[in-house]
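Listed here are the chains, written in short residue letters.
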Amino acid sequence: MEVLNSRLILRPRDWQRSLRFYRDVLGLAVSREFPGGTVFFLGQGFLEISGTGGPGPSPDQVLWLQVRDVRAEFERLRGRGVTVLAEPARQPWGLDEGWVADPDGMRIVLVEIPADHPIRTDSRDPAPE
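Residues numbered from 1 in each chain as written. Predicted model: local features only at pLDDT ≥ 70, side-chain atom pairs only at ≥ 80, totals over all residues. Heavy atoms only, no water.

(A) View of the nonpolar core. Judged by nonpolar contacts, the single largest core of 23 residues is most densely connected at Tyr22, Leu26, Leu47, Leu63, Ile108 and Leu110. Counting only elements with at least two residues in this core, the list comes to helix H1 (15-25), strand E3 (37-42), strand E4 (45-50), strand E5 (62-66), helix H2 (70-79) and strand E8 (107-112). Among the elements that line this core, the one with the most residues is H1, at five residues. When near neighbours in sequence (up to four residues on either side) are disregarded, leucine 110 contacts Leu65, Val67, Val70, Glu73, Phe74, Leu77, Asp96, Glu97 and Gly98. (Core = buried A, V, L, I, M, F, W, Y, C linked by side-chain atoms within 4.5 Å. Buried < 20%, exposed > 50% of the residue type's maximum accessible area, 1.4 Å probe, protein only. Helix = DSSP H or I, 4+ residues; strand = E, 2+ residues; numbered from the N terminus. Contact = heavy atoms within 4.5 Å.)

(B) Broad picture of the packing of aromatic side chains. Per the stated rule, a full pass over the model turns up three aromatic pairs. Aromatic pair phenylalanine 21 and tyrosine 22: ring centres 5.0 Å apart, planes at 90°, arrangement edge-to-face. For the residue pair phenylalanine 21 and tyrosine 22, the accessibility class agrees, reading buried in each case. Taken together through their ring pairs, the aromatic side chains of Phe21, Tyr22 and Phe40 make up a single cluster. (Phe/Tyr/Trp six-rings, centres within 6.5 Å; stacked < 30°, edge-to-face > 60°.)

(C) Molecular detail of the environment of threonine 52. Mapped onto the elements, threonine 52 comes out in the loop between E4 and E5. With relative accessibility at 63%, the residue threonine 52 sits in the exposed group. Sequence-wise, threonine 52 and glycine 36 are 16 residues apart; in three dimensions their C-alpha atoms are separated by 9.2 Å. Setting aside anything within four residues of it in sequence, one finds threonine 52 in contact with Arg11, Pro12 and Arg13.

(D) Geometry of the pattern of salt bridges. On inspection of all chains with the given rule, the structure shows nine salt bridges. The closest approach of N and O atoms between arginine 13 and aspartate 104, which form a salt bridge, is 3.1 Å. Residue arginine 13 is found in the loop between strand E1 (8-10) and H1, and its partner aspartate 104 is found in the loop between strand E7 (96-101) and E8; the two are separated by 91 residues along the sequence. For arginine 13, a relative accessible area of 41% puts it in the partly exposed group. Given the relative accessible area of 11%, aspartate 104 is considered buried. Measuring nitrogen to oxygen at the nearest pair gives 2.5 Å for the salt bridge that ties aspartate 104 to arginine 17. Note that aspartate 104 is positioned in the loop between E7 and E8 and arginine 17 in helix H1, a separation of 87 residues in sequence. (Salt bridge = Lys/Arg side-chain N within 4 Å of Asp/Glu carboxyl O.)

(E) Focus on the sheet that holds E4. Taken together, four strands build an open sheet; the order of strands is E1-E4-E3-E2 and the sheet is mixed. Unpaired on one side and paired on the other, E1 and strand E2 (30-34) mark the two borders of the sheet. Taken over all neighbouring pairs, the strand axes of this sheet differ in orientation by 15° on average, direction set aside. Relative to E4, E3 runs antiparallel, the two sharing six bridges. Of the residues in E4, the one forming a bridge with phenylalanine 41 is phenylalanine 46. Its contacts with the sheet put H1 on E1, E2, E3 and E4, and the angle it makes with E3 is roughly 20°. (Pairing = 2+ DSSP bridges. Axes fitted to C-alpha atoms, helices over the stretch in contact; angles between N-to-C directions.)

(F) Highlighting the layout of surface pockets. Put simply, the largest pocket is a space of about 430 Å³. Among the elements of the structure, E3, E5 and H2 are those that each provide at least two residues to the lining of the largest pocket. By residue class, the composition of the lining of the largest pocket is ten nonpolar, five polar and two charged. Taken as a whole, the second largest pocket encloses approximately 160 Å³ of empty space. Contributing to the lining of the second largest pocket are 13 residues, with Leu10, Arg11, Pro12, Gly56 and Pro57 lying nearest its centre. The class makeup of the residues in the lining of the second largest pocket is five nonpolar, four polar and four charged. (1 Å grid on protein atoms, 1.4 Å probe; cavity = no way out; pocket = protein on both sides within 12 Å on 5 of 7 lines; lining within 4 Å. Points joined across faces, edges and corners; volume = space filled by probe spheres on them. Nonpolar A, V, L, I, M, F, W, Y, C, P; charged D, E, K, R; others polar.)

Such coordinate-based values are descriptive only and should not be taken to indicate function.
In structure tokens, the structure reads:
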């Protein structure tokens with residue numbers, strides 16, 4: 001399979017409320033809009049908010065967002081009244097993670113990758129001289 005594009009689609013209970021949350025509170029940039037839906041940029045992916053959903057997301061669903069400074073984002077979001085589920089902390093796997101929720105209870109993990117984390121290490125063999 002050759003994947004050319006991808007996106008996560010959320011069906012919120014209140015589309016306008018979720019639109020305001022993702023656009024105005026989180027501050028995600030809009031990729032495109034269509035009647036009854038908005039697509040946001042998520043770094044190398046997309047998030048679509050469209051339609052109307054049921055009672056809320058499964059606890060097994062999580063939106064993972066890498067940010068430059070997780071603590072600064074938490075202070076900003078806390079000031080905007082966002083529900084905090086877990087304060088930012090260094091995890092055993094070495095990432096700094098904090099958890100918030102959208103208006104429907106969708107869990108969102110904000111992740112900062114420390115400068116010395118293996119994800120940032122170039123594991124290629126050095127070029128021959």
